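# Inside the fold
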Amino acid sequence: MIEKVEQILEEVLAIGYKLKDVAVLCRRNKDSKVIANALKERNIDVISSDSLSLAASDAVNLIMAIMKVVQNPDNALAKYEAVYLYYRVVLHKVPNTQENKVIKETIESRDILKFFELIDKSLVPTALQQMSLYEIAEKLLQTFELFKHDKELDFIFRFLDVVIEFQHMKSTHLTDFINYWENKKESLSIMSPAGQNA
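Residues numbered from 1 in each chain as written. Predicted model: local features only at pLDDT ≥ 70, side-chain atom pairs only at ≥ 80, totals over all residues. Heavy atoms only, no water.

With that settled, consider the nonpolar core. Side chains of a nonpolar character, in soluble globular proteins, are inclined to be buried together. Counting 47 residues, the largest nonpolar core has Phe116 and Phe159 as its most contacted members. Elements represented by at least two residues in this core include exactly α4 (58-71), α5 (76-90), α6 (97-108), α7 (112-119), α9 (133-143), α10 (153-169) and α11 (174-184). When residues of this core are assigned to their parent elements, the largest contribution, ten residues, is made by α4. Excluding residues within four positions of it along the chain, phenylalanine 116 makes contact with Ile66, Val69, Val70, Lys121, Leu123, Pro125 and Leu128. Leu19, Ile35, Leu39 and Ile44 belong to the second largest nonpolar core, which has ten residues in total. (Core = buried A, V, L, I, M, F, W, Y, C linked by side-chain atoms within 4.5 Å. Buried < 20%, exposed > 50% of the residue type's maximum accessible area, 1.4 Å probe, protein only. Helix = DSSP H or I, 4+ residues; strand = E, 2+ residues; numbered from the N terminus. Contact = heavy atoms within 4.5 Å.)

Right under this line is the structure:
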């Protein structure tokens, strides 16, 4: 199936169409996800509902994972997610064998201070627990310099909008926001970026 889609794309691009002029329609959502992922793997720009979802942003997922750790310091899964996203998003690398050993030891020690020393010594968990939702998000974004990640900016600003809206309309509690995020993250999205040839 993907080979046929790729062949048709090559043909229409060869006669002068641009990627933004092309739409791939599928009968089932699962087929569209498969095709979108396959095209992305072939370095073909794709705009899909999945690619516009806030849940597709590594920067946003990093912030949420750390928020989960702040809310529940014993959440080992959130700690692993936060550390590996930290390596990918901030350090732009995959941890090597020695680093994986340190990560495992740090998370298994259940010492929250060691966890924060691993990702950034300037973050103090008790201080984060005293901040508002927006302040936590902003502090983490600034600490990891995520505003410098141009491809993530639309996701980051939309995420901050979601945090502000939630804080004003629903609750100021971190636990409530995390529950809201888990239920709504797939439906929260950005607008299609203007001028993108996809």
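Next up on the list: the packing of aromatic side chains. Inspection of every chain in the model, using the stated rule, returns ten aromatic pairs. With centroids separated by 5.0 Å and ring planes inclined at 85°, the aromatic side chains of phenylalanine 115 and phenylalanine 116 adopt a geometry described as edge-to-face. For the residue pair phenylalanine 115 and phenylalanine 116, the accessibility class agrees, reading buried in each case. Both rings, one in phenylalanine 166 and one in phenylalanine 177, keep their centres 5.3 Å apart while their planes meet at 65°; by these two values the pair is edge-to-face. Of this pair, phenylalanine 166 sits in helix α10 while phenylalanine 177 sits in helix α11, and the two are eleven residues apart along the sequence. Comparing phenylalanine 166 with phenylalanine 177, the two get one shared label, buried. Here a set of aromatic residues connected by ring pairs shows up, and it is made of Phe159, Phe166, Phe177, Tyr180 and Trp181. (Phe/Tyr/Trp six-rings, centres within 6.5 Å; stacked < 30°, edge-to-face > 60°.)

A few words on the packing of α5 against α7. Contact geometry for α5 and α7: axes closest at 10 Å, N-to-C directions at 15°. As far as their axial angle goes, α7 and α5 are roughly parallel. Our pair here, α5 against α7, has a crossing hand that is left-handed. Along the contact surface, α5 presents Lys79, Ala82, Val83 and Tyr86, while α7 presents Ile112, Phe115, Leu118 and Ile119. (Axes fitted to C-alpha atoms, helices over the stretch in contact; angles between N-to-C directions. Parallel < 35°, antiparallel > 145°, perpendicular 65-115°, else oblique. Left-handed = near helix turned anticlockwise from the far one by under 90°.)

Attention now moves to the environment of leucine 128. Among the structural elements, leucine 128 can be located in helix α8 (residues 125-130). On the basis of relative accessibility, which here comes to 1%, the residue leucine 128 falls in the buried class. Apart from the residues lying within four places of it in its own chain, the contact partners of leucine 128 are Val70, Phe116, Leu123, Ile136 and Lys139.

Here threonine 106 shows up in helix α6. Apart from residues no more than four positions distant in its own chain, threonine 106 is found in contact with Lys114, Phe115 and Leu118.

Before going further, it helps to spend a moment on unusual backbone geometry. Positive phi, close to 65°, is recorded for arginine 110, a residue that is not glycine. Within the secondary structure, arginine 110 is located in the loop between α6 and α7. In this model, glutamate 145 sits at a positive phi of 55°, which is unusual for a non-glycine residue. The residue glutamate 145 is located in the loop between α9 and α10 in this model.

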